[in-house]
Amino acid sequence: MKTTRTIALAALLCAAAPAAAQVQLNGAGATFPNIIYSKWMYTFNQANPTIVLNYQSIGSGGGIRQFSDGTVDFGGTDAPMSDSAIAAIQGNVLHIPTVLGAVVVIYNLPGVTAQLKFTPDVIADIFLGKITKWNDARIASVNAGVTLPATDVVVVHRAEGSGTSFAFTDYLTKVSPEWASQVGKGASVNWPVGLGGRGNEGVSATVNQTPGAIGYTELGYATINKMAYGQVRNSAGKFVSPTLESVTAAAAGVLSKLGANTDFRVSLTNPDGAAAYPISTMTWLLVHKTYADAAKAKALVQFIWWAETEGQALAPSLGYAPLPQQLRPWIQARLKSITGSAAQ
Amino acid sequence: MTTLPIEPVPAPPSPPSIETPSAEPRWTSLRGVNASDRVYKTILTGLALALPLLIVALFLQLFVSALPAIRRFGFSFLWTSTWDPVAEIYGAAPMIFGTLASSFIALLIAVPLALGVAIFITEFAPRWVRQPVAFLVELLAAIPSVVYGLWGVFVLIPFLRSYVVPPLKAVFGWTPFFQGVFYGNSLLAGGIILAIMIVPYIAAVSREVLLAVPASQREAALGMGATRWEAVWTAVLPYGRAGLIGAIILGLGRALGETMAVTLVIGNRHDISLSALQPAYTMAAAIANEFSEATTNMYLSALFEVGLILFVITVVVNAFARLLIWRVARGTAVGSKAL
């Protein structure tokens, strides 16, 4: 009895010894990148057992709040922090882009098999409640050869605040002056018309159940669930289908114009480029410029750099578009600027 | 909330049928004897006070967090309908309306159904049917609410759209309550889901209340020449009315606070429409939906104020129910003491 106890104690001590050198990093935030973040953290931990990462997908707003309060080491967000929010934490934040996504326009029109095409003004006017029938002349004019039914348009949007809604309303704000003045952009807005579905699954379920419905979801969600989604006309006048390539093209179009000193707080919607899908999104990790714990800072930088290089290869299989290559040196420069004071 | 009788009562609380041999009250004699009794008493007092304190703390916390919104919008928060997080203008009227209306529809459907189940089980069902029926009805309470919500989206709403709403509109379409195009997610769907969810609560408590009605009540009515139905209607139900109201209020409390199932089927629209076919919103659903992405302080504060209103409404409903039970109970009714 006594010997077993001693052995158990010895085993405990052995297990505890490496734990002393272990670094635990906690993060919280956006739900959209949760799948790839979990995959990254697991894969990275396999190669670096001393660094344990943990990410809670509580939503971008919660992520920003917990990051600002200092309850987590890093945050995740689909919408960049506002200037006032950054000022509130004395500017001690860096936005590091990680992966790209897209918002797709899904619809349920029984009898219509062709992929529909949407112009920016048609999408805006549908969500403003000004286009109410599917056989509206403005929808028909860009969908030659498709017989559109005379059914009512039922708009479905996200009920809860979400980065997906932020990207979608950000896009509508850019392409429609009326949307910009009447509604604006935000994780949740005052929707002029429509039903609210909870989550990507709530929106897609409502669209699937309601003939004549139109809504929007993440690209990854729509492809996994094989939903019908439309092409959208981009700023170059081309109708583009949302794919990982057209999303990366959108990012390249926007980011090529940024200087090397950018803070990465840019919107990818309505970009230049003939191949670019116009409702593209970016998601960020929020990290501090200075950490009190140098070991934490070092481990975090190591993880993010791994995610930005090797980790990017994991993105396409999970429905995320990788970042354009030309961003890497800029991100590397940002990561190198992170400091940790060893004096604790 | 019933507070436990913590203070040692001077008179022995023993049942009247048993004679107490000693004239000395038992509690008093224990007081000086055993230190562990005093510890026990202190612990129990602490536990009993913890819950009321928790409620007060909850109220204060909600109030303090809601203060910025209360200061900015004042009472107009209660009756304006704009909910615009971009412009930071908030009004909770649609959610208050939606919460009360969906709970009202739920009671309208659930009360007859649940009382019917309870009466059937206690008064009419053959003995071998009683337990299985009671068990199955109570099983409804064990289903997670998100499952109800999904069932609502995939089964109830298509069913309503094809078979229920067309005849409803044909007959009652002229009233303001069934106006407009039915898209599925609506106040009606939310109310029906809630009704199904609260039936087991109302039925289970009602059954216990009816079982507690003494057989003499039924026998007296039957002896006067009443049919079985008349005996239930004139003797059993009035006798248990306080308990039955308590059962209904329990169901109502559950309906007011239900979140997940409702948000999946009610349409989540900040709008007031008398028509049950139109989408609506409830307070609990709005808080659950919008809390995680409420980035600005005013937005967060407005959501806290919604929570505060929901809290106050629940307290008012319960207080009202308590009053009702006191008024109805007067004297003999079963269950009045328990509540």
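Model, not experiment: these values are computed from the prediction.

(A) Looking closely at the overall build of chain A. Helices and strands together make up the secondary structure of chain A, namely 13 helices and 13 strands. Summarising its shape, the C-alpha atoms of chain A cover approximately 80 × 55 × 35 Å along the three principal directions. Among the 344 residues that make up chain A, the fraction classed as buried is 50%. Counted over contacts in chain A with a minimum sequence separation of 6, partners at least 24 positions apart contribute 73%.

(B) Spotlight on the overall build of chain B. A count of helical and extended segments in chain B gives 13 helices and 2 strands. Taking all 339 residues of chain B together, the buried fraction comes to 38%. Relative to all contacts within chain B whose residues are 6 or more apart in sequence, the contacts with residues 24 or more apart total 76%.

(C) Inspection of the environment of Leu310 of chain B at higher detail. Residues and elements named next belong to chain B. In this fold, Leu310 is placed in helix H13 (residues 297-329). Placed 32 residues apart in sequence, Leu310 and Gln278 show a C-alpha to C-alpha distance of 22 Å. Aside from chain neighbours lying at most four places away, what touches Leu310 is Met283 and Ala284.

(D) The arrangement of the interface of chain B and chain A in detail. Taken residue by residue, the interface counts 24 residues in chain B and 28 residues in chain A. Among the secondary structure elements, those contributing two or more residues to the side of chain B that touches chain A are strand S1 (83-84), helix H6 (145-172), helix H11 (260-265) and helix H12 (283-290) of chain B. Top element by residues in the side of chain B that touches chain A is H6 of chain B. It accounts for 3 residues. When the residues that make up the side of chain B that touches chain A are grouped by side-chain class, the tally is 11 nonpolar, 9 polar and 4 charged.

(E) Region of interest: the sheet that holds strand S5 (residues 117-118) of chain A. All names here are of chain A. Read from one edge to the other, the open sheet built from 3 strands follows the order S5-S9-S10, with strand pairing classed as mixed. Either end of the sheet is taken by a strand with one partner, and the two such strands are S5 and strand S10 (239-240). In this structure, S5 lies alongside strand S9 (residues 231-233), joined through 2 bridges in parallel fashion. Looking at S9, one finds that Phe118 is bridged to Val232.

(F) Layout of the packing of helix H7 (residues 187-211) of chain B against helix H10 (residues 241-257) of chain B. Residue and element names in this part refer to chain B. Relative orientation of the contacting elements H7 and H10 amounts to 155°, with a least axis distance of 8 Å. With respect to each other, H7 and H10 are oriented roughly antiparallel. The chirality of how H7 crosses H10 is right-handed. Residues Leu194, Met197, Ile198, Tyr201, Ile202, Val205, Ser206 and Val209 of H7 form the contact with H10, whose own contacting residues are Gly243, Leu244, Gly246, Ala247, Ile248, Leu250, Gly251, Arg254 and Ala255.

(G) Representation of the confidence of the model for chain B. On average, residues of chain B carry a pLDDT of 85, and 87% of them reach 70 or more. Here residues 1-20 of chain B is a poorly scored stretch, pLDDT under 50, and it has 17 contacts once near neighbours within four places are set aside; other chains count.

(H) Seen up close, the environment of Pro177 of chain A. Here Pro177 of chain A lies in helix H8 (residues 177-182). Separated by 53 residues in the primary sequence, Pro177 of chain A and Ala124 of chain A have C-alpha atoms spaced 9.6 Å apart.

(I) Main features of the sheet that holds strand S6 (residues 154-158) of chain A. Residues and elements named next belong to chain A. Pairing in this open sheet of 8 strands is mixed, and the strands run S2-S1-S3-S11-S4-S8-S6-S7 from one edge to the other. Edge strands, defined here as strands with exactly one partner in the open sheet, are strand S2 (51-57) and strand S7 (195-197). Geometrically, the sheet is characterised by an average inter-axis angle of 25° between neighbouring strands, direction not taken into account. When S6 meets strand S8 (residues 213-218), the two strands line up parallel, connected through 2 bridges. Across the sheet, residue Val155 finds its bridge partner in S8, namely Ile214. Across the sheet, helix H7 (residues 163-175) touches strand S4 (94-108), S6, S8 and strand S11 (280-287), and the angle it forms with S8 is around 115°. Along the sheet face, helix H11 (residues 244-255) touches S4 and S11 and points at about 130° away from the line of S4.

(J) View of the nonpolar core. Judged by nonpolar contacts, the single largest core of 183 residues is most densely connected at Val105 and Ala251 of chain A together with Ile193, Ile198 and Ile202 of chain B. Sorting elements by how many residues they give to this core places H7 of chain B first, with 17 residues. Leaving out residues up to four positions away in the same chain, Val105 of chain A has contacts with Phe118, Ile123, Ile214, Tyr216, Tyr229, Gly230 and Val232 of chain A.

(K) Structural context of the environment of Ile109 of chain B. Residue and element names in this part refer to chain B. On the secondary structure map, Ile109 appears in helix H4 (residues 93-124). Residue class for Ile109 comes out partly exposed when judged on the 16 C-beta atoms lying within 10 Å of it. With 89 residues separating them in the primary sequence, Ile109 and Ile198 have C-alpha atoms 9.9 Å apart. Discounting chain neighbours no more than four positions away, the residues touching Ile109 are Gly191, Ile192 and Ala195.

Thresholds applied
Residues numbered from 1 in each chain as written. Chains lettered and ligands numbered in written order. Predicted model: local features only at pLDDT ≥ 70, side-chain atom pairs only at ≥ 80, totals over all residues. Helix = DSSP H or I, 4+ residues; strand = E, 2+ residues; numbered from the N terminus. Buried ≥ 20, exposed ≤ 12 C-beta atoms within 10 Å, placed from the backbone. Contact = placed C-beta atoms within 7 Å. Nonpolar A, V, L, I, M, F, W, Y, C, P; charged D, E, K, R; others polar. Pairing = 2+ DSSP bridges. Axes fitted to C-alpha atoms, helices over the stretch in contact; angles between N-to-C directions. Parallel < 35°, antiparallel > 145°, perpendicular 65-115°, else oblique. Left-handed = near helix turned anticlockwise from the far one by under 90°. pLDDT = per-residue confidence, 0-100. Core = buried A, V, L, I, M, F, W, Y, C linked by C-beta atoms within 7 Å.

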